[in-house]
Amino acid sequence: MRKSSAALIAALLLTPLWGQRHACAEDIQEYTLAPVDVRGERARVLPGGFQSDSGAVGMLGTQNIMKEPFDQTNYTEKTITRFADPTNNFVSIMLTNPSVRNGSIVTHSHFFVHGVYTHGSYILINGVPNLLGQYSTPTFFADQIELTTSPNMGLNGSRASYASGNQGNASPATINFRTKTAGTAPVTRYTQAVSGRGALTEQLDVGRRFGKGDAWGARLNILRTKGEISIPRVDRDEYGCTLNLDRRGRSGSSNLFVGTYYLNLDGGGRWFSLGPNVTSLPKVPDHYNNYDFDGQYKWEKIYMAAFNHEQKLGGAWRAFLNAGYSDHRFHWSLGSGYAGWTIKNDAGDFDTRIYTDYQDWKTYYAQLGLRGDLKAGALTHHVSLAFDKSWFDARGPQSSLSFPTDRGGGNIYEPFDRRVSHSTAPHPAKVQKEREYIRSYSLNDNIEIGKFNVLLGIQHHDAKVTAGAGQRMLSDSAVCPTVGFNYTPEENIAVYASHTEGFTRPSVVGNQYVNRGTILPATKLKQNEIGLKYKTETSLFTFSAFRITQAQNIAISIAPGRERFIGDGQVRYMGFSASYTGQIGEKWNAVGGIEYVNSRQMKTDRGIFEGASAYGTPKWNGVLALEYQPDKQWSILGRMVFTGKANTVNTNKTKMFDVPSNTVFDLGVGYRTQWNRVPVTLNLMCYNLFDRNYWYGSRTGLMLSQPRTVTFSAAFDL
């Protein structure tokens with residue numbers, strides 16, 4: 001606690017810090033959402049401009065944060081544009097929340113919420129799941145990012161659990177991207193930025209309303225990046241194009257989002273496992289070292305579409321339809337099958353085996369439901385009923401790790417010998433790799449009784465999965481309840497409590513166990529939470545205390561050389577989170593908070609490290625961002641992100657290592673001016689200001705920090 005307090009005080013002493021402003025001729029209210037929202041009402045920006053007061057809560061529609069029994073943070077376009085480190089913009093944005101911790105390198109979008117691991121494939125776009133992957137997560141089309149720090153599956157319907165990456169466990173959070181829509185004022189914004197070692201980014205954002213009464217709207221966003229990032233000899237080649245069309249009428253409203261996204265990273269591997277002969281945590285190497293072999297790459301291409309429609313049926317009842325489609329193509333040539341190297345001794349030597357692999361998949365989603373109000377005396381029932389289904393179909397080579405072509409080696413304290421290379425083998429014909437069909441039936445009733453709201457929900461969930469080529473279909477079903485309570489004695493005070501759950505899919509026991517062939521049900525993640533929200537004319541303060549239990553499948557020994565695989569494992573997380581956003585003075589804005597997590601591995605695989613903290617989960621996290629606006633032209637911003645001491649484990653789980661805490665500062669300045677009567681915003685931002693080298697712990701090893709990254713941009717409002 002002393003370390004986290006000292007870091008917060010240090011951040012205060014370093015202010016005023018530097019920041020940036022995205023919209024040149026606009027004041028802070030221009031960061032509000034566009035007025036069209038097919039799922040609810042328009043949100044309002046909270047003082048300070050970093051967050052809004054409303055966000056999507058699944059099939060309940062858009063809810064005011066003071067009325068919902070959850071901890072939800074709704075990041076505005078201001079936050080999205082200002083905290084987006086170009087090497088991994090989505091995770092950088094999420095670190096503005098004290099409940100979120102980094103768990104990612106530039107090739108992935110991995111992070112922790114309340115100490116529990118998750119990643120980008122669980123993100124929804126306009127309430128539609130399965131459109132993005134776990135690797136790089138684009139944000140250039142997002143107008144608002146809505147983070148609910150609880151699983152909330154009962155309110156959000158089914159979602160495919162492919163690439164869950166966490167022993168099949170559910171996500172601890174619900175994240176929704178609300179796409180940019182055309183507002184009442186036309187938008188034509190062109191932005192150029194240079195970052196890292198010469199990476200050039202161009203963005204175009206055009207929005208118009210048209211038709212009778214401006215009933216139709218179109219918003220086009222284009223992104224292009226090419227060049228070397230802050231890690232030497234790591235090139236980023238990226239492009240994206242999205243179009244959002246919406247229509248609003250007297251009897252209903254519709255929204256169609258379509259887009260494509262491509263990213264190729266030539267290198268970027270900074271993920272290290274610790275071999276059994278490593279006896280102590282390695283000294284942190286220079287994060288300017290490049291550990292990529294010649295020919296290393298990772299690329300993905302996504303085609304995606306999401307459709308939302310809401311139709312008035314009469315009275316207070318509406319029907320709604322949400323549908324989505326995505327086509328993913330993912331190819332890579334990496335070390336150790338994924339993205340990392342294994343350190344084999346205390347000298348820092350490592351070996352690697354190079355793999356080339358690929359996997360393509362498609363997803364489909366459809367949800368149909370009713371939403372309306374029923375009066376019963378003093379009670380008002382806000383009822384929603386829905387049926388939905390998710391499809392996932394993956395194809396790739398027969399083996400999950402194909403073409404082991406070469407072995408290489410090196411030392412973490414020296415740049416990788418790039419003469420270690422390989423020739424990529426041709427990809428064989430695709431075979432069916434995996435299929436998943438999940439459907440759910442959901443009923444939710446948000447009961448309003450004066451100053452009280454009681455939420456009661458139930459979801460029945462059916463899953464059918466084939467986990468590999470030629471394997472049989474696994475079937476399982478479960479029930480997911482949702483219970484919430486919210487009391488607002490005054491408009492600016494809310495006290496709440498809730499229980500939510502999430503789960504993924506069943507699995508089959510492998511042949512090495514005595515119960516081989518047994519179908520294990522989906523592991524559940526359950527969260528209980530109580531909290532307080534206090535809102536003033538200038539600020540919002542939130543506090544929540546939580547308890548999370550995460551079930552896991554584990555092996556237990558029943559006799560020498562004989563093991564049984566069962567779903568009896570459990571990891572527990574308990575703690576609290578406190579956050580603040582608002583104006584702390586006439587020219588000062590702030591956002592940030594602190595979180596404490598006490599994690600414990602209650603029942604583990606073969607009893608290994610039972611009773612220890614969860615791998616990669618620190619007890620303390622903290623973040624503080626301060627903005628100083630001396631006048632209407634200048635905006636100065638700084639951010640401090642503190643991550644407490646955590647642990648990690650070696651490859652054969654015989655030894656744990658303590659990973660020290662770290663504190664990282666970001667600093668920048670923005671200036672608004674005009675050029676030939678065109679409003680222009682100039683922004684200069686530096687991430688990892690003091691260029692700190694540090695490890696951060698993951699569930700299965702270590703990740704190396706990113707070097708200092710400077711980005712300069714100019715946005716023209718044409």
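Everything that follows concerns the structure shown earlier in this document.
Residues numbered from 1 in each chain as written. Predicted model: local features only at pLDDT ≥ 70, side-chain atom pairs only at ≥ 80, totals over all residues. Heavy atoms only, no water.

## So, the packing of aromatic side chains
- The full count for this structure, using the stated rule, is 30 aromatic pairs.
- Between the aromatic rings of F576 and W620, the centroid separation amounts to 6.1 Å while the plane-to-plane angle is 80°, which identifies the pairing as edge-to-face. In this pair, F576 sits in strand β30 (residues 562–585) while W620 sits in strand β32 (residues 620–628), placing the two residues 44 residues apart along the sequence.
- Aromatic pair F665 and F690: ring centres 5.6 Å apart, planes at 75°, arrangement edge-to-face. Of this pair, F665 sits in strand β36 (residues 662–675) while F690 sits in the loop between β37 (678–687) and β38 (695–698), and the two are 25 residues apart along the sequence.
- Its relative accessible area of 47% is what places F690 among the partly exposed residues.
- Among the aromatic residues, ring-to-ring pairing joins F90, F111, F140, F141, F177 and F257 into one connected group.
- Lying over the aromatic face of F50, K78 brings its terminal NZ or CZ to 4.4 Å of the ring centre.
- Looking at R371, its charged tip hangs above the ring of F320, at a distance of 4.6 Å from the centre. (Phe/Tyr/Trp six-rings, centres within 6.5 Å; stacked < 30°, edge-to-face > 60°. Helix = DSSP H or I, 4+ residues; strand = E, 2+ residues; numbered from the N terminus. Buried < 20%, exposed > 50% of the residue type's maximum accessible area, 1.4 Å probe, protein only. Lys NZ or Arg CZ within 6 Å of the ring centre and 35° of its normal.)

## Digging into the pattern of salt bridges
- All told, the structure shown has 23 salt bridges when counted by the stated rule.
- Taking the shortest distance from any N to any O, the salt bridge between D717 and R189 comes out at 2.6 Å. Of the two residues, D717 is situated in strand β40 (residues 709–717) and R189 in strand β10 (residues 187–195); the sequence distance between them amounts to 528 residues. The same class applies to D717 and to R189, which are both buried.
- Here D327 and R329 are joined by a salt bridge, their closest N and O atoms 3.7 Å apart.
- Overlapping salt bridges bring together E77, K180, D205 and R219 as one network. (Salt bridge = Lys/Arg side-chain N within 4 Å of Asp/Glu carboxyl O.)

## With respect to the sheet that holds strand β3 (residues 72–75)
- Ordered in space as β3-β8-β9-β7, the 4 strands form an open sheet in which the pairing is mixed. Each edge of the open sheet carries a strand with a single partner, namely β3 and β7 (124–125).
- Across 4 bridges, the pairing between β3 and strand β8 (residues 142–148) is antiparallel. In the sheet register, Y75 faces β8, and the bridge partner there is I145. (Pairing = 2+ DSSP bridges.)

## Observations concerning the environment of G644
- Inspection of the secondary structure puts G644 in the loop between β33 (634–643) and β34 (646–649).
- When the C-alpha atoms of G644 and S661 are compared, they prove to be 4.3 Å apart, with 17 residues separating the residues in sequence.
- G644 has contacts with P618, W620, N621 and S661, leaving out every residue within four places of it along the chain. (Contact = heavy atoms within 4.5 Å.)

## Quick look at the nonpolar core
- One finds F90, I125, I145, I175, F177 and M304 to be the most contacted residues of the largest nonpolar core, which totals 37 residues.
- Among all residues touching I175, those that are not within four sequence positions of it are F90, M94, F111, Y122, I123, L124, I145, E146 and L147.
- Grouped together as the second largest cluster of nonpolar side chains are 15 residues, F272, Y291, I343 and L702 included. (Core = buried A, V, L, I, M, F, W, Y, C linked by side-chain atoms within 4.5 Å.)

## A closer look at the pairing of strand β11 (residues 199–210)
- Bridge count between β10 and β11: 9 bridges; the pairing is antiparallel. Within β11, the residue paired with S195 across the bridge is A199.
- Linking β10 to β11, which pair antiparallel, is a turn of 3 residues; within it G196 sits at a positive phi near 60°.
- Counting the residues in the hairpin turn of β11 and strand β12 (residues 216–228) gives 5 residues, including G211, whose phi is positive at 85°.

## Let's talk about unusual backbone geometry
- Its identity is not glycine, yet N126 carries a phi of approximately 50°, on the positive side.
- Among the secondary structure elements, N126 is positioned in the loop between β7 and β8.
- Positioned with a positive phi, R233 is a non-glycine residue whose angle comes to about 65°.
- Mapped onto the elements of the fold, R233 is located in the loop between β12 and β13 (235–248).

## Remarks on the sheet that holds strand β4 (residues 100–102)
- Strand order in the open sheet formed by 3 strands is β4-β5-β6, and the pairing between neighbours is antiparallel. Only two strands of the sheet have a single partner each, and these edge strands are β4 and β6 (116–119). In this sheet, adjacent strand axes meet at a mean angle of 35° when their direction is disregarded.
- Taken together, the 3 bridges between β4 and strand β5 (residues 110–113) define a ladder with antiparallel strand orientation. (Axes fitted to C-alpha atoms, helices over the stretch in contact; angles between N-to-C directions.)

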